[in-house]
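Geometric and topological summary
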Amino acid sequence: MIRVRFAPSPTGYLHIGGARTALFNWMYAKSQGGKFILRIEDTDKARSKSEYLDEILDSMRWLGLDWDEFYKQSDRFDLYRQYAQKLLDEGRAYKDGEAVLLTMPQKIIKIYDLIRDEISIDTREIKDQVLMKSDGSPTYSFACVIDDALMEISCVIRGEDHISNTPKQIVIYEALGFKPPKFAHLPLILDDERARLSKRAGAVAVSDYRRQGFLPEAVVNYLMLLGWSPGNNQEKVALAAAVKNFSIKKINKAGAAFDMDKLKWLNGQYIKEMDTARLTELIKPLVAEKYGPQVGTGTQLQNIVHLFKGRMSTLADFLEWTDFIFLPKVNFDEQVKMEHLSKNLSKEFNLLADRLEKIADFNAKAAEEAFRAVVSQLGLEAGTLVHPVRVALTGRAVGPGLFDTMAVLGKQKAVERLRTTFNGPAGATSS
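A quick note: this is a predicted structure, and the numbers were derived from the prediction, not measured.

1. Brief notes about the packing of aromatic side chains
- The final tally for this structure, using the stated rule, is 15 aromatic pairs.
- With 5.4 Å between their ring centres and 50° between their planes, tryptophan 228 and phenylalanine 246 make a pair best called tilted. On the criterion of sequence distance, the pair formed by tryptophan 228 in the loop between helix H7 (216-225) and helix H8 (239-244) and phenylalanine 246 in the loop between H8 and strand S12 (256-257) is long-range, its members being 18 residues apart. Like phenylalanine 246, tryptophan 228 is buried.
- A centroid spacing of 6.4 Å and a plane angle of 55° characterise the contact between phenylalanine 318 and phenylalanine 326, whose relative ring orientation is tilted. Phenylalanine 326 shares its class with phenylalanine 318; the two are buried.
- Cluster of aromatic residues (ring-pair linked, three or more members): Tyr209, Phe214, Tyr222 and Phe258.
- Its guanidinium or amino end placed over the ring of tryptophan 321, arginine 396 lies 4.7 Å from that ring's centre, counting from NZ or CZ.

Spelled out as structure tokens, the structure:
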């Protein structure tokens, strides 16, 4: 049976590159009817923190990457000591103070990588390897080999930055009498300058993207495209469908460039196609956090979400697009105000306000009828008034249909803003 593992260290949050590694392991296991193991490599007692572990587990669950088995290396220290003692007893390792080191043989090691084909390394360039540190904790490579062997990991899928560790681990496998697994080293995720993705590029932790309003489906979809293609030039592909078509050998060798614009576009596609009720539930906490729990309840919020879902790239965009609905006053962009409200339209606005105020059942259709009656009465082209009214009500020159916007804003605010736009400071503030 195929058995793969993802082995993060809780010395930091789950990096987006680590999430891509976890995803490819998960997809490989699911595509082969195998097992996906999550192993926490927390042998570094000083740097490992419970808050990082909690975030890693929470991010994995958020991404939908469930695991079949779970282990923590901190629970297995006695096991590592036993194997270190075995190598000492057999003369394959030696002590240097309290540390245990493995004598590195002098030879050429050849590895067949499922992605990169054959890799050849001369061990004469590698010094003797520390297996157990002087503080009694195992080194990364030693614990990794023992765990991979005992957990019967059939294929180690990890980033190409681990290629230098592979020959050292092959030697440890041989010294312990274990059969090495297959290896597949993934290309690195690069920034727009073709350097390894780092904090300089902005968000790097999965939790960062979650806070910024990305959907897990979109993040997973985008990560699978970084080094692998589902074929037929597909960009939006469901995880279940991708699993059926997944092959580890089809992963590219070259580094994959992270494109934030593409991720936002893809996230926007998922938002557009999402059921409005579900989307509203995701947005509700953001609205409550910014404006208070009493704001945006009931069907009103769902109507607003439905109106703006086509304009959102992230959930956070909703707050930016809709601030005019929840705030008592409009925050005008000075340039937009100058462009559309430089001419005094108080007569036209007051006439429209009068018409809107008389509507019993205030909705988009009724608002449109009132608007068209006003422009007809005044002998105006509709376009003459559309943009000034939109800016007066929302502070923006663009947005959804004006009458749908009026409907979600509500009669009271629409009337008040029309009456006060040109009549003193009561209605609007500039920023």
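Still more ground to cover, so stick around.
2. Some remarks on the confidence of the model for the chain
- Of the residues in the chain, 96% reach a pLDDT of 70 or more, and the chain-wide mean stands at 92.
- The low-confidence segment residues 425-431 (pLDDT under 50) makes 18 contacts with residues lying over four places distant or belonging to another chain.

3. What to know about the nonpolar core
- Ranked by size, the top nonpolar core spans 107 residues in total, and within it Met27, Met224, Phe318, Leu356, Val389 and Met406 carry the most contacts.
- Per-element tally for this core: the top contributor is helix H1 (residues 16-31), with 9 residues.
- Discounting chain neighbours no more than four positions away, the residues touching methionine 27 are Met224, Trp228, Leu239, Ala242, Val243 and Phe246.
- Ile37, Phe77, Leu88 and Ile153 belong to the second-largest nonpolar core, a separate cluster that totals 33 residues.

4. Thoughts on helix H3 (residues 77-89)
- In this model, H3 (13 residues) spans 18 Å end to end at C-alpha, consistent with the 18 Å of a helix rising 1.5 Å per residue.
- Where H3 is concerned, the buried positions are Phe77, Tyr80, Tyr83, Ala84, Leu87 and Leu88. For H3, the angular spread of the buried residues around the axis is 145°, confining them to a single face. Relative to its buried face, H3 has exposed residues pointing more than 90 degrees away, namely Asp78, Gln82 and Asp89.
- Turning to H3, the residues buried within the fold contact strand S4 (93-96), strand S5 (99-102), strand S8 (129-132), helix H4 (140-150) and helix H5 (165-176).
- Positive backbone phi, at 75°, marks glycine 91, one or two positions downstream of H3.

5. Observations concerning the sheet that holds S4
- Taken together, 3 strands build an open sheet; the order of strands is S4-S5-S8 and the sheet is antiparallel. The sheet is open, and its two borders are formed by S4 and S8, each paired with just one other strand. Going across the sheet, the axis of each strand differs from the next one's by a mean of 40°, ignoring polarity.
- Pairing of S5 with S8 involves 3 bridges; the strand directions are antiparallel.

6. Regarding the sheet that holds strand S2 (residues 35-40)
- Strand order in this open sheet of 3 strands is S1-S2-S3, and the pairing throughout is parallel. This sheet does not close on itself; its edge strands, each paired only once, are strand S1 (3-6) and strand S3 (69-72). Across the sheet, the mean angle separating the axes of adjacent strands is 25° when strand polarity is ignored.
- Across 4 bridges, S1 lies against S2 in parallel orientation. In the strand pairing of S2, arginine 3 is matched with lysine 35.
- Where H1 meets the sheet, it contacts S1 and S2, and its direction lies at approximately 165° from that of S1.

7. Brief notes about the layout of surface pockets
- In this structure, the largest pocket occupies an estimated 920 Å³ of space.
- If you go around the largest pocket, you meet 35 residues; those closest to its centre are Ala7, Pro8, Ser9, Asp161 and His162.
- Broken down by secondary-structure element, the contributors of at least two residues to the lining of the largest pocket are S1, H1 and strand S9 (155-159).
- At 4 residues, H1 tops the list of elements feeding residues into the lining of the largest pocket.

8. Describing the environment of lysine 86
- Relative to the assigned elements, lysine 86 resides in helix H3.
- With a relative accessible area of 32%, lysine 86 lands in the partly exposed category.
- C-alpha separation for the pair lysine 86 and leucine 176, spaced 90 residues apart in sequence, amounts to 8.4 Å.

9. Details of unusual backbone geometry
- Even without being a glycine, aspartate 117 presents a positive backbone phi close to 65°.
- Examined against the element boundaries, aspartate 117 turns out to sit in strand S7 (residues 117-122).
- Judged by relative accessible area, aspartate 117 falls into the partly exposed class, the value being 38%.
- Positive phi, normally seen in glycine, also occurs at glutamate 152, with a value near 55°.

10. Let's talk about empty space enclosed by the protein
- Applying the stated criterion to the full structure yields 1 cavity of 30 Å³ or more.
- What lines the largest cavity is simply Phe308, Trp321, Phe324, Arg390, Thr394, Arg396, Val398, Gly399, Pro400 and Thr405.
- Elements represented by at least two residues in the lining of the largest cavity include exactly helix H12 (315-326) and helix H16 (382-394).
- When its residues are assigned to classes, the lining of the largest cavity shows 5 nonpolar, 3 polar and 2 charged.

Scoring rules and cut-offs
- Residues numbered from 1 in each chain as written.
- Predicted model: local features only at pLDDT ≥ 70, side-chain atom pairs only at ≥ 80, totals over all residues.
- Heavy atoms only, no water.
- Phe/Tyr/Trp six-rings, centres within 6.5 Å; stacked < 30°, edge-to-face > 60°.
- Helix = DSSP H or I, 4+ residues; strand = E, 2+ residues; numbered from the N terminus.
- Buried < 20%, exposed > 50% of the residue type's maximum accessible area, 1.4 Å probe, protein only.
- Lys NZ or Arg CZ within 6 Å of the ring centre and 35° of its normal.
- pLDDT = per-residue confidence, 0-100.
- Contact = heavy atoms within 4.5 Å.
- Core = buried A, V, L, I, M, F, W, Y, C linked by side-chain atoms within 4.5 Å.
- Expected span 1.5 Å × (residues − 1).
- Arc of directions from axis to C-beta.
- Pairing = 2+ DSSP bridges.
- Axes fitted to C-alpha atoms, helices over the stretch in contact; angles between N-to-C directions.
- 1 Å grid on protein atoms, 1.4 Å probe; cavity = no way out; pocket = protein on both sides within 12 Å on 5 of 7 lines; lining within 4 Å.
- Points joined across faces, edges and corners; volume = space filled by probe spheres on them.
- Nonpolar A, V, L, I, M, F, W, Y, C, P; charged D, E, K, R; others polar.

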